[in-house]
Amino acid sequence: AFQQFNFEASCSGSLNNSSLCTGLHSIDKSVSRSGWSIGAGVEASGQLNAWWESTGGFDTAYATATIRNGRVASPEVPALEGLEVDAAFDGSTVVVERLQATWQGGGIAGTARIPRGLLMATTGRPAPPGRVDLTVRGLTHDALRPWLSAQMLSGLDARVSATLALDLASADIDGISGTL
C-alpha cells in the first residue's frame with residue numbers, strides 16, 4: 001500500500017522521553033506541537049519539516065527531513081545554536097547532506113552517510129560501511145566549561161579547530177575507526 005505523509009512543526013519547549021512532536025497526521029497534514037524525545041532537562045526549539053513516502057516498507061521508502069533555526073540546550077552543556085540539518089533516506093541509506101550549528105563561539109559542520117544495514121544489523125549479513133565527517137572551527141576555551149573548573153579555565157585563552165572522520169563498519173564501538 002502507498003503511504004505518504006508530510007510533517008511540519010515549529011517545536012519548542014522541554015523534551016521528555018515519551019513525546020515526539022505529537023499530532024502527526026498522515027497524507028499532507030501540517031501540525032505544530034512542542035516537544036521532541038531526547039532526554040530529561042534537554043530543551044529544544046526550531047523548525048522541523050519531515051516527509052515520508054513508501055510503497056512497500058523500508059526498501060521502497062523515501063524520506064527527507066530539515067531543521068532550521070534549531071537550538072538544543074541541556075543544564076550541563078551550553079546551548080547548540082543555529083542548528084540546520086538537511087537529511088534524506090532512500091530506502092537503503094540515511095544521508096545527512098548538511099549539519100551546521102554554532103557552539104561556544106565556534107562553528108560545527110558535518111555530513112554523514114549511514115547505510116540502513118548498520119542501524120538494523122542482522123546476523124550473518126555484513127552491512128555496507130558508513131561515514132561521518134565532522135569539523136569544528138574556532139571553539140573557544142569556554143567549550144571546556146562542562147569538564148574543567150573555572151580556575152583552570154581562567155588561565156586559558158585558546159581557539160580550537162579539528163576535523164573528525166569516522167568510518168563505520170558496524171554500529172558497535174569496535175566497528176568504528178577514524179582520524180582526528
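Above this text sits the structure in question.
Conventions and cut-offs
- Residues numbered from 1 in each chain as written.
- Predicted model: local features only at pLDDT ≥ 70, side-chain atom pairs only at ≥ 80, totals over all residues.
- Heavy atoms only, no water.
- Pairing = 2+ DSSP bridges.
- Helix = DSSP H or I, 4+ residues; strand = E, 2+ residues; numbered from the N terminus.
- Core = buried A, V, L, I, M, F, W, Y, C linked by side-chain atoms within 4.5 Å.
- Buried < 20%, exposed > 50% of the residue type's maximum accessible area, 1.4 Å probe, protein only.
- Contact = heavy atoms within 4.5 Å.
- Phe/Tyr/Trp six-rings, centres within 6.5 Å; stacked < 30°, edge-to-face > 60°.
- Salt bridge = Lys/Arg side-chain N within 4 Å of Asp/Glu carboxyl O.

### As for the pairing of strand E8 (residues 159-168)
Of the pairings in the sheet, the one linking strand E7 (residues 130-140) to E8 comprises nine bridges and is antiparallel in character. Opposite Val132, over in E8, you have Leu166 as the bridge partner. Summarising the sheet, E8 and strand E9 (residues 176-179) pair through four bridges and their orientation is antiparallel. Bridging from a neighbouring strand, Leu168 pairs with Ile176 of E9.

### So, the nonpolar core
Generally speaking, soluble globular proteins have nonpolar side chains that are buried together. Counting residues in each nonpolar core, the largest one holds eleven residues, listed as Leu48, Ile67, Leu83, Val85, Ala87, Val96, Ala101, Ala112, Ile114, Leu118 and Leu168. Looking at this core, the elements that each hand over two or more residues are strand E4 (80-89), strand E5 (93-103) and strand E6 (106-115). By residue number, the principal contributor to this core is E4, which donates three residues. Aside from chain neighbours lying at most four places away, what touches Ile67 is Gln47, Leu48, Leu83, Glu84 and Val85. Ile108, Val136, Leu139 and Ala143 belong to the second-largest nonpolar core, a separate cluster that totals five residues.

### Section: the packing of aromatic side chains
Inspection of the entire model under this criterion finds two aromatic pairs. With a centroid separation of 6.3 Å and 10 degrees between ring planes, the pair formed by Trp52 and Phe89 is classed as stacked. Taken together, the residues span a long stretch of sequence, with Trp52 in strand E2 (residues 43-54) and Phe89 in strand E4 at a distance of 37 residues. With respect to class, Trp52 is no different from Phe89; both count as buried.

### As for unusual backbone geometry
The phi dihedral of Asn69 is positive, around 55 degrees, even though this residue is not glycine. Here Asn69 shows up in strand E3 (residues 62-73). Positive phi, normally seen in glycine, also occurs at Gln104, with a value near 50 degrees. Examined against the element boundaries, Gln104 turns out to sit in the loop between E5 and E6.

### As for the pattern of salt bridges
Using the criterion set out here, one finds eight salt bridges in the structure. Put simply, Asp59 and Arg116 hold a salt bridge, and the shortest N to O gap is 2.9 Å. Here Asp59, found in the loop between E2 and E3, pairs with Arg116, found in helix H1 (residues 116-119); they are 57 residues apart in sequence, far enough to count as distant. Linking Asp86 and Arg68 is a salt bridge whose minimum nitrogen-to-oxygen distance equals 2.6 Å.

Shape descriptors only; they carry no functional weight alone.
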